[in-house]
Amino acid sequence: MANEAKPCPCDIGDKMDYGGLGEEVQIEHIQAYVTKPTSGTDKAVIVIQDIYGWQLPNTRYMADLLASHGYIAICPDFYVGKEPWRPTDDWSTFQEWLQDRKPTNINREADAVLKYLKGSCGAKRIAVVGFCWGGVATHHLILNYPELKAGVSVYGIVRETEDRYKLHSPTFFIFAENDHVIPLDQVATLEKKLQEHCTVDFKVKIFPGQTHGFVHRKRGDINPKDKPIIEEARKDMINWLNKYI
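Every value quoted in this text rests on a predicted model; they were computed, and no experiment measured them.

### Details of the overall build of the protein chain
Within the protein chain one finds seven helices and eight strands. Each principal axis of the C-alpha atoms in the protein chain carries an extent, and together these give about 40 × 40 × 35 Å. Considering the protein chain as a whole, with its 245 residues, one finds that 56% of them fall into the buried category. Put simply, 71% of the contacts in the protein chain that link residues at least 6 apart link residues at least 24 apart. A total of about 10600 Å² of accessible surface is found on the protein chain, and carbon and sulfur atoms cover 46% of it. Here the protein chain contributes 30 positively and 33 negatively charged side chains, and the mean placements of these two sets differ by 5 Å.

### Some words on the pairing of strand S8 (residues 202–207)
Where strand S7 (residues 171–176) and S8 come together, six bridges link them in parallel fashion. Bridged to Ala176 within S8 is Phe207.

### A word on the packing of aromatic side chains
Scanning the model with the defined rule gives 12 aromatic pairs in all. Between Phe94 and Trp97 the ring centres are 5.4 Å apart and the planes differ by 25°, which places this aromatic pair in the stacked class. Taken together, the residues Phe94 and Trp97, both in helix H2 (residues 94–98) and three residues apart, mark about one turn of the helix. With respect to burial, Phe94 and Trp97 carry one shared label: buried. If you follow Arg60 out to its NZ or CZ, it ends over the ring of Trp54, 4.8 Å from the centre.

### Description of the environment of Ala63
Inspection of the secondary structure assignment puts Ala63 in helix H1 (residues 57–68). Taking the relative accessible area as the measure of exposure, Ala63 reaches 0% and is therefore buried. Along the sequence, Ala63 and Phe172 sit 109 residues apart, while their C-alpha atoms lie 17 Å from each other. Residues within four places of Ala63 in sequence aside, it is in contact with Tyr33, Thr35, Val47 and Ala73.

### Brief notes about the pairing of strand S3 (residues 43–48)
Working note: regular strand, side chains alternate between the two faces of the sheet. Counting buried residues in S3 gives six out of six residues, a clear majority hidden from the surface. Pairing analysis gives six bridges linking S3 to strand S5 (residues 125–131), with the strands arranged parallel. Note on S5: the bridge partner recorded for Val47 is Val129. Direction of pairing for S3 relative to strand S4 (residues 72–76): parallel, over a ladder of three bridges. For Ala44, the partnering residue across the bridge sits in S4 and is Ile72. Crossover handedness for the path S3 to H1 to S4: right-handed.

### Here we look at the environment of Gly220
Inspection of the secondary structure assignment puts Gly220 in the loop between helix H6 (214–217) and helix H7 (227–244). Here the alpha-carbon distance between Gly220 and Glu231, two residues 11 residues apart in the chain, equals 8.2 Å. Aside from chain neighbours lying at most four places away, what touches Gly220 is Lys227 and Ile230.

### Details of the packing of H1 against H7
With their axes 11 Å apart at the nearest point, H1 and H7 run at an angle of 50° to one another. Overall, the two elements H1 and H7 adopt an arrangement that is oblique. In this structure, H1 crosses over H7, and the sense of that crossing is right-handed. Contacts between H1 and H7 pair Tyr61, Met62, Leu65 and Leu66 from the former with Arg234, Met237, Ile238 and Leu241 from the latter. Taken together, the residues of the contact of H1 with H7 sort by class into seven nonpolar, no polar and one charged.

### Considerations on helix H5 (residues 184–197)
Compared with the 20 Å implied by 1.5 Å per residue over 14 residues, the 20 Å span of H5 between its first and last C-alpha is a close match. Within H5, burial applies to Gln186, Val187, Leu190 and Leu194. Along the long axis of H5, the arc covered by the buried residues comes to 100°, so they all point the same way. Across from the buried face of H5, at angles greater than 90 degrees, the exposed residues are Asp185 and Gln195. Summarising the contacts, the buried residues of H5 are in contact with helix H4 (133–144), S7 and S8.

Analysis parameters
- Residue indices begin from 1 for each chain and proceed along its sequence in written order.
- Only residues with pLDDT of at least 70 get local features here, since the model is predicted, and only at 80 or more are side-chain atom pairs given and counted; chain-wide, interface and lining totals rely on the full set of residues.
- Side-chain descriptors were evaluated using all non-hydrogen atoms of the structure, hydrogens and water having been removed beforehand.
- Per the convention used, a helix needs a DSSP run of H or I reaching at least four residues, while a strand needs a run of E reaching at least two, with both numbered from the N terminus.
- Residue exposure (1.4 Å probe, protein chains only): buried if accessible area is under 20% of the type maximum, exposed if over 50%, otherwise partly exposed.
- Contact between two residues is taken to exist if any of their heavy atoms lie within 4.5 Å; hydrogens are not considered.
- Accessible surface area values rest on a Shrake-Rupley calculation with a 1.4 Å probe, where residue burial reflects the displayed protein chains alone.
- Positive: Lys, Arg. Negative: Asp, Glu. His and the chain ends are not part of the count.
- Here the site of a charge means atom NZ of a Lys, CZ of an Arg, CG of an Asp or CD of a Glu.
- By this definition, two strands are paired if DSSP reports at least two bridges between them.
- For Phe, Tyr and Trp, rings pair up if their centres lie within 6.5 Å, where Trp contributes its six-membered ring, and each pair is then called stacked (planes under 30 degrees apart), edge-to-face (over 60) or tilted (otherwise).
- The rule is short: NZ of Lys or CZ of Arg within 6 Å of the ring centre and within 35 degrees of the ring normal puts a charge over the ring.
- For the handedness criterion, the strands are oriented away from the viewer, and a crossover whose path from the first strand over the helix to the second runs clockwise is classed as right-handed.
- Helix axes are fitted only over the stretch in contact, all axes being lines through C-alpha atoms; the angle between N-to-C directions runs from 0 to 180 degrees.
- An angle below 35 degrees is read as roughly parallel, one above 145 as roughly antiparallel, one from 65 to 115 as roughly perpendicular, and any other as oblique.
- Note on convention: the crossing is left-handed when the near helix lies turned anticlockwise from the far helix by less than a right angle, right-handed when the turn is clockwise.
- In the scheme used here, Gly and all other residues not listed as nonpolar or charged are polar, with Ala, Val, Leu, Ile, Met, Phe, Trp, Tyr, Cys and Pro taken as nonpolar and Asp, Glu, Lys and Arg as charged.
- Expected span, for any helix, means 1.5 Å times one less than how many residues it has.
- Read the arc as the range of directions from the helix axis to the C-beta atoms.

Here it is in C-alpha cells:
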C-alpha cells in the first residue's frame, strides 16, 4: 500500500532475521520500539511502519541504521494493537482491513510520540521517515506538523487531500521505477504539482530497475545486483536528514 486513494497490496519481500538493538516501551496508549545512538543527541526520527507492522524486523533494522548515524529512532505501533497485515491474508479483504488503519488518521499517536521524544528523550529536532503505508503517513504528517524539520517518504503519497502539495518542511520522496503500486505517471504529477505549489525544499527520485519495497524489504546479500541501488537510497535518506536536522 502506498497510495491513499487506491492503496494496493504489496509483497513482503525479503524478511530479515533480525532482532534489533533497541527496546520496546509503552507511550501513553501505544507501544514503540526505541533505539538510540551511542552518544547523546537532541535529534530524533520517527520511523513509520509499512502494512506489516511495527515489529517487522526490516523496519527495526532501518531504525537501528538511523541510530547508528546519530539519531534517536522510534518506531511506534501506529495500528495501536490491531493486527498488521500478514503475507497469508486474503488480498480481497485488504480494503476492509485498512478501514481502521488509515495512514492519515494517526494524529493522536503522533502527538503522543512527539511528547515522548521531547519530554523523555530531550529531542529538539525531529524528522519522520516512513515506508509504504508509512510513506503515506509521512506525507500526511509533513502536511500537518510544522514542528517536524524534515521528512522522507519512501514509496508512499497522499492522494486525496486538496492541499497535499503544501509541505511544511523539506521532504524527500523515494520511488521505484517498476513499482506496480505507484505508477510513474503519479510520480510525475506529484513532482509537477510540488514545483507549482510547494514553498520548501523537496526532492523526487526514481530508482531504476527497482520494485516496491526495495529500500527496506530487499536484501543486498540476496540481490547482489541491486545492492548498490539499495545502499544509494539509504544513503540518500541519511543525507537528507543530515542536511535538514
